[in-house]
Amino acid sequence: MDFDISRNFSEEAEIFKVLGHPIRLKIVAGLCTRECNVKHIWECLGLPQATVSQHLALLKNKGIIEGKRDGVEVHYSVVHPLAKKLIEVLG
């Protein structure tokens, strides 16, 4: 493989950085299997709701997940293709 000096990998590096936290990695891995609301996520992970919400906000801000409102609930899913691929590789 040759080195491509024209490619800077900044977007990829940002995704790796965000997914470098174990809780965020668990959240993304879970959301790759199904859409969930925040209550389901914090119940499954056994974490405080505030903690999960902070991680979801960062993942959403970085474009890794998106939330769809359904009445009073928001259902989250993974939308970034690199994040999906990384979870698949970790399998």
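Scroll up to find the structure.
Presented here is a report on the structure given in the accompanying data block. Here the structure is a predicted model, which is why all the values come from computation and not from measurement.

Moving on, we come to the overall build of the protein chain. Looking only at helices and strands, the protein chain has 5 helices and 3 strands in total. The secondary structure elements of the protein chain, listed N-terminal to C-terminal, are α-α-β-α-α-β-β-α. Here the C-alpha coordinates of the protein chain stretch approximately 50 × 25 × 20 Å along the principal axes. For the protein chain, the residues scored as buried account for 29% of the 91 residues in total. On the protein chain, the mean spot of the 12 positive side-chain charges and the mean spot of the 11 negative ones are 6 Å from each other.

One can find His55 in helix H4 (residues 49-61). Ignoring sequence-local partners within four residues, the contact set of His55 consists of His21, Ile23, Arg24 and Ile27.

This brings us to the pairing of strand S2 (residues 65-70). Where S2 lies against strand S3 (residues 73-78), 6 bridges are found, and the strand directions are antiparallel. Note that in S3 the partner of Glu66 across the bridge is Ser77. The antiparallel hairpin formed by S2 and S3 contains 2 residues in its connecting segment, where Gly71 sits at a positive phi of about 70°.

Reading across from one edge, S1-S3-S2 is the order of the 3 strands in this open sheet, with antiparallel pairing throughout. Two strands in the sheet have a free side with no partner beyond their single neighbour: strand S1 (36-37) and S2. Contacting S2 and S3, H4 runs over the sheet at an angle of about 110° to S2.

The next thing to look at is the environment of Thr33. Within the fold, Thr33 resides in helix H2 (residues 22-33). Separated by 44 residues in the primary sequence, Thr33 and Ser77 have C-alpha atoms spaced 8.9 Å apart. Among the polar contacts made by the side chain of Thr33, one reaches the main-chain carbonyl oxygen of Gly30 at a distance of 2.6 Å.

A few words now on the nonpolar core. Residues Leu31 and Ile64 are the most contacted members of the largest nonpolar core, which totals 20 residues. Secondary-structure elements contributing two or more residues to this core are helix H1 (10-18), H2, H4, S3 and helix H5 (81-90). Apart from the residues within four sequence positions on either side, Leu31 is in contact with Cys36, Ile41, Leu56, Ile65, Tyr76 and Val78.

This part covers the environment of His80. Take His80: it is sitting in the loop between S3 and H5. A sequence separation of 65 residues divides His80 from Ile15, and the C-alpha atoms of the two residues are 9.1 Å apart. The residues contacting His80, other than those within four sequence positions of it, are Glu11, Ile15, Gly63 and Ile64.

Calculation notes
- Residues numbered from 1 in each chain as written.
- Predicted model: local features only at pLDDT ≥ 70, side-chain atom pairs only at ≥ 80, totals over all residues.
- Heavy atoms only, no water.
- Helix = DSSP H or I, 4+ residues; strand = E, 2+ residues; numbered from the N terminus.
- Buried < 20%, exposed > 50% of the residue type's maximum accessible area, 1.4 Å probe, protein only.
- Lys, Arg positive; Asp, Glu negative; His and termini not counted.
- Charge placed at Lys NZ, Arg CZ, Asp CG, Glu CD.
- Contact = heavy atoms within 4.5 Å.
- Pairing = 2+ DSSP bridges.
- Axes fitted to C-alpha atoms, helices over the stretch in contact; angles between N-to-C directions.
- Polar contact = N/O pair within 3.5 Å; in protein donor to acceptor, adjacent residues only side chain to side chain.
- Core = buried A, V, L, I, M, F, W, Y, C linked by side-chain atoms within 4.5 Å.

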